[in-house]
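One letter stands for each residue in the lines below.
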Amino acid sequence: QGGVVSALSRRRGMILGSESLDDNVTISAEVPLSEMFGYSSDLRSTTEGKGEFSMEYLRHSPVPKDTQNDIIKDYQKQREEANK
C-alpha cells in the first residue's frame, strides 16, 4: 500500500482515503489527468501485477504556476522555431 500511495503522491495526487477488506486495499485519490499517463505500468510494477485502477472525471482545475510557466516557454519556443 505504501508504494502505491507514494507513487500517487509523486504524480501530484491528493490521497482522500483508503479502505481495507481482506487482502484488498482501495485507495481514493485525486490526481491530474496529465499525470496519469503510464500509471498502469507503474501500478503493475509496484503491485507485482495485482493492482487495478479506475478513473473518472471530477473537475477542471488551474495548472500550478510552475507548470504554467513551462507550458508557456514550450509554446513560445515552438512558435519561434515555426517562424524561422
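Above: the structure in question.
Analysis parameters
Residues numbered from 1 in each chain as written. Predicted model: local features only at pLDDT ≥ 70, side-chain atom pairs only at ≥ 80, totals over all residues. Heavy atoms only, no water. Helix = DSSP H or I, 4+ residues; strand = E, 2+ residues; numbered from the N terminus. Buried < 20%, exposed > 50% of the residue type's maximum accessible area, 1.4 Å probe, protein only. Contact = heavy atoms within 4.5 Å. Phe/Tyr/Trp six-rings, centres within 6.5 Å; stacked < 30°, edge-to-face > 60°. Arc of directions from axis to C-beta. Pairing = 2+ DSSP bridges. 1 Å grid on protein atoms, 1.4 Å probe; cavity = no way out; pocket = protein on both sides within 12 Å on 5 of 7 lines; lining within 4 Å. Points joined across faces, edges and corners; volume = space filled by probe spheres on them. Nonpolar A, V, L, I, M, F, W, Y, C, P; charged D, E, K, R; others polar.

## Section: the overall build of the protein
In step 1: Along the protein, the regular secondary structure elements total 3 helices and 2 strands.
In step 2: The order of helices and strands in the protein, counted from the N terminus, is α-β-β-α-α.
In step 3: Expressed as a percentage of the 84 residues in the protein, the buried residues total 11%.
In step 4: Residue pairs at least 24 apart in sequence account for 28% of intrachain contacts in the protein once pairs closer than 6 positions are excluded.

## Quick notes on the packing of aromatic side chains
In step 1: Counted by the stated rule, this structure contains 1 aromatic pair.
In step 2: With a centroid separation of 5.1 Å and 85 degrees between ring planes, the pair formed by tyrosine 39 and phenylalanine 53 is classed as edge-to-face. One end of the pair, tyrosine 39, is in helix 2 (residues 39-46); the other, phenylalanine 53, is in the loop between helix 2 and helix 3 (65-82), with 14 residues separating them in the sequence.
In step 3: When its relative accessible area of 4% is taken as the criterion, tyrosine 39 is described as buried.
In step 4: A residue is classified by how much of its surface remains accessible, and phenylalanine 53, at 36% relative accessible area, is partly exposed.

## Thoughts on helix 1 (residues 2-10)
In step 1: Looking only at helix 1, the buried set comprises Val4, Ala7 and Leu8. For helix 1, the buried positions fall inside an angular range of 100 degrees around the axis, keeping them on one side. Exposed side of helix 1, more than 90 degrees from the buried face: Gly2 and Arg10 are the residues found there.
In step 2: In this fold, the buried residues of helix 1 make contact with strand 1 (14-21), strand 2 (24-30) and helix 2.
In step 3: Count one or two residues on from helix 1 and you reach arginine 12, which has phi positive near 65 degrees.

## A closer look at the pairing of strand 2
In step 1: Two strands pair when backbone bridges link them, and strand 1 and strand 2 are joined in this way by 7 bridges, in the antiparallel orientation. Note that in strand 2 the partner of methionine 14 across the bridge is glutamate 30.
In step 2: Here strand 1 folds back onto strand 2, and the loop between the two strands holds 2 residues, one of which, aspartate 22, carries a positive phi near 55 degrees.

## Some points on the layout of surface pockets
In step 1: Roughly 1600 Å³ of volume is contained in the largest pocket.
In step 2: Ala29, Glu30, Val31, Met36 and Met55 are the residues nearest the centre of the largest pocket, which is lined by 41 residues in total.
In step 3: Those elements that place two or more of their residues in the lining of the largest pocket are helix 1, strand 2 and helix 2.
In step 4: Here the element with the most residues in the lining of the largest pocket is strand 2; it accounts for 7 residues.
In step 5: Here the lining of the largest pocket is composed, by residue class, of 19 nonpolar, 15 polar and 7 charged.

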